[in-house]
Amino acid sequence: MDSIIAQLQPYWHEAEIFVRGLFRPWPLYQVLMLLGCHAVAHLLAGWLSPKADAWMRSLKGMRPAQLRFLLVFARRLRMIFFVILVWILAAIMLEVTWPSRSYLIVLVANLTTAWLVIAIASRLIRNRLLRKVVQWTALIVATIAILNLRGEIEMLLDSISFSFGSVRLTALLVLQGIVTLALLMLLANWLSKLVHRRLQGVGDMSPSMKVLTEKLVALALYVTAFFIAMGAIGFDLTTLTFLSGAVALGIGLGLQKVVSNLLSGLILLVDKSIKPGDVISLGETFGWISSLGARYVSVVTRDGREFLIPNEDLITGQVVNWTHSDDNVRLDIYFGVSYASDPHQVRVLAREAAATVGRVVSRPAPVCHIVGFGDSSIDFILRFWIRDPAQGLTNVRGDVYLALWDALKRDGVEIPFPRRDVHVFPEGAQAQPSGIVD
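Note on numbering: residues in each chain are counted from 1, in written sequence order. Per-residue local features of the predicted model are confined to residues with pLDDT of at least 70, and side-chain atom pairs are confined, for both listing and counting, to 80 or more; whole-chain, interface and lining totals are unaffected and use all residues. Think of the side-chain values as coming from all heavy atoms in the structure, minus any hydrogens and water.

## Some words on the side chain of Ser377
Argument step 1. Secondary structure elements follow DSSP: runs of H or I no shorter than four residues count as helices, runs of E no shorter than two count as strands, and numbering proceeds from the N terminus. Relative to the helices and strands, Ser377 is located in the loop between β9 (367–373) and β10 (378–386).
Argument step 2. Residue contacts are defined here by distance: any two heavy atoms, one from each residue, within 4.5 Å place the two residues in contact. Apart from residues lying up to four places away in sequence, Ser377 is in contact with Gly336, Val337, Tyr339, Gly372 and Pro416.

Put into C-alpha cells, the structure is as follows:
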C-alpha cells in the first residue's frame, strides 16, 4: 500500500498544480464562461422540456422504438444545449484570442461531446446492467484519451502487481482481461441467441432437443470465451488445476442439490419425458410447462401463477404428464338418479349431454356405465375425452355437469338426495321398537 501511495504522489502533485492554475486570470475567466454556458443551458432546457414532452404525447402512429429514441434526446436537453453553447464559445474564443486562453473551453467541449455521444449510444443496449458497464467503461476510456493520460495510466496500472504462483499479474493485465472477457461474453451471448433463433425454425427437431442443443451450445461458447480471455492476458491455464479440487470439495460440502438438478435437467432433455407445452400434475400443482431451465422447470397454472420446480423433483417424484404421448385426456364424472328412473334412458341422456359440450371430442365417444346401487340412487360414471388439457379440467367438467343437469331435468329424471324420517311421540308415550335387531 505504501508503494502505491508513493507512486501516486507525482500525479497528486500535478493535480494540485492544475487546480491552483485555475485561479489565474484567464483560466478563471474560462471557468466562469463555462458556468455561464451551463446556466443558460439549464434555463433553455427548463423552458423547452415541457414543450417537447407535450409534442411527444401528441404524436400518433409512432413505434415504441421511435418514441424511446426521441425520449433519449428529450431527457438530455440540458447537456445538448451545453455542448452547443460550449462549442460556439470555443469558436469565438479561438477567433478573437490566443489558443492558450481557450484551452480549458476546448477541453471541456471535447469531453462533454464524448460523454453525450456515449450516453445516447449506450441507450441502444436493452440490458440495464450491461448498459451501465459499457457506458462507464466508454466514459473512462474516452476521458483518458481526451486528457492524453493513456501513457501515465498504463504505467501506474502496470506498477501495481501481485504474484499468483509463477505468474505475475498487474492491475493493467487484470483490467485488460476483464474488458476482453466482457467483450467475448457479449459475443457468446449474441451467438447463443442466434443459435436459438435458428433452432426455432427447425421443424423436424423436438422441443426437448432444441432446448438441449441451445444449452450445450451456450455452455460451450461461454467456457470457450473464458479460456480465450485467460489466455489472451498470458495466464497459464495449468495453474487452474487446483480449481478442480475446490469444485469437488464444494460439491461434497453443499452443492449436491445444485449438481443433482443440473444432471436431472440434462436427463429430462435427453429422455423427452417432459417438454415445453406439456400439461403436467405434480402434487397439488397442475399446469403446463413454459420453459426448461438448467436447474428448474417453469410450470404456469391456470390462475397465472408460475411454479419453479427443481429438476430433481421431476426425476425422483411421481409426475402425471397429461400430454406425454397423446393429447387426448379422459375425464370422469360421477352422478346418481332415483330408482324410479330408467337406467337405459339415463345412459343415453348422459352420452348425448356430454357430446353437446364444445371441448368434448366425438372420437372416442362419451360412454356411461352403472357403477353401483346406492342407498338412495343408481350410481353412474360418465367418461369423455378432450384434446386441450392446457385449457383447464375443472371448467370442462363443470360444463358437462351443467349439460347433464339440463338433460335430466328436461326428461323428468330425478336426482335423489338423502331423506330422513322424524317421528314425534306425545309426552309420556313410549317409543315402539323398530324391529331392527343389532
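## A few points about helix α14 (residues 394–410)
Argument step 1. What a helix is expected to span follows from its residue count: subtract one and scale by 1.5 Å. The terminal C-alpha atoms of α14 lie 24 Å apart, and with 17 residues this matches the ideal 24 Å at 1.5 Å per residue to within 8%.
Argument step 2. Only protein chains enter the accessibility calculation, which uses a 1.4 Å probe; a residue is then buried when its area is under 20% of its type maximum, exposed when over 50%, and partly exposed in between. If you check which residues of α14 are buried, you get Val396, Val400, Ala403, Leu404, Ala407 and Leu408. For α14, the arc enclosing every buried residue in end-on projection is 130°, short of the 170-degree limit, so these residues lie on one face. Exposed positions of α14 whose direction lies more than 90 degrees from the buried face are Thr394, Leu402 and Lys409.
Argument step 3. Of the surrounding elements, those touching the buried residues of α14 are β8 (329–337), α13 (343–355) and β10.
Argument step 4. Backbone geometry just downstream of α14 places Gly412 in the positive-phi region, at approximately 75°. By arc we mean the arc of the directions from the helix axis to the C-beta atoms, nothing more.

## Topic: the nonpolar core
Argument step 1. Nine residue types can take part in a nonpolar core, namely buried Ala, Val, Leu, Ile, Met, Phe, Trp, Tyr and Cys, and a core is a set of them joined through side-chain atoms within 4.5 Å. Counting residues in hydrophobic clusters, the biggest one holds 26 residues, and the most contacted among them are Phe335, Val337, Leu382, Phe384 and Val400.
Argument step 2. Of all the elements in the fold, those that place two or more residues in this core are β8, α13, β10 and α14.
Argument step 3. In this structure, Phe335 is in contact with Val346, Ala350, Cys368, Ile378, Asp379, Phe380, Leu382, Leu404 and Leu408, ignoring residues within four places of it in sequence.
Argument step 4. Formed by 16 residues, the second largest nonpolar core is a distinct cluster that contains Phe81, Phe82, Leu104 and Ile105.

## Description of the packing of aromatic side chains
Argument step 1. A pair of Phe, Tyr and Trp rings is counted when the ring centres sit within 6.5 Å of each other, with Trp represented by its six-membered ring. The angle between the planes then sorts it: under 30 degrees is stacked, over 60 is edge-to-face, the rest tilted. As enumerated under the stated definition, the model contains 2 aromatic pairs in all.
Argument step 2. With 5.3 Å between their ring centres and 10° between their planes, Phe335 and Phe380 make a pair best called stacked. In this pair, Phe335 is assigned in strand β8 and Phe380 in strand β10, connecting sequence segments 45 residues apart.
Argument step 3. For Phe335, a relative accessible area of 11% gives the class buried.
Argument step 4. Judged by centre distance (6.4 Å) and plane angle (20°), the ring pair of Tyr339 and Phe373 falls under stacked. One end of the pair, Tyr339, is in the loop between β8 and α13; the other, Phe373, is in strand β9, with 34 residues separating them in the sequence.

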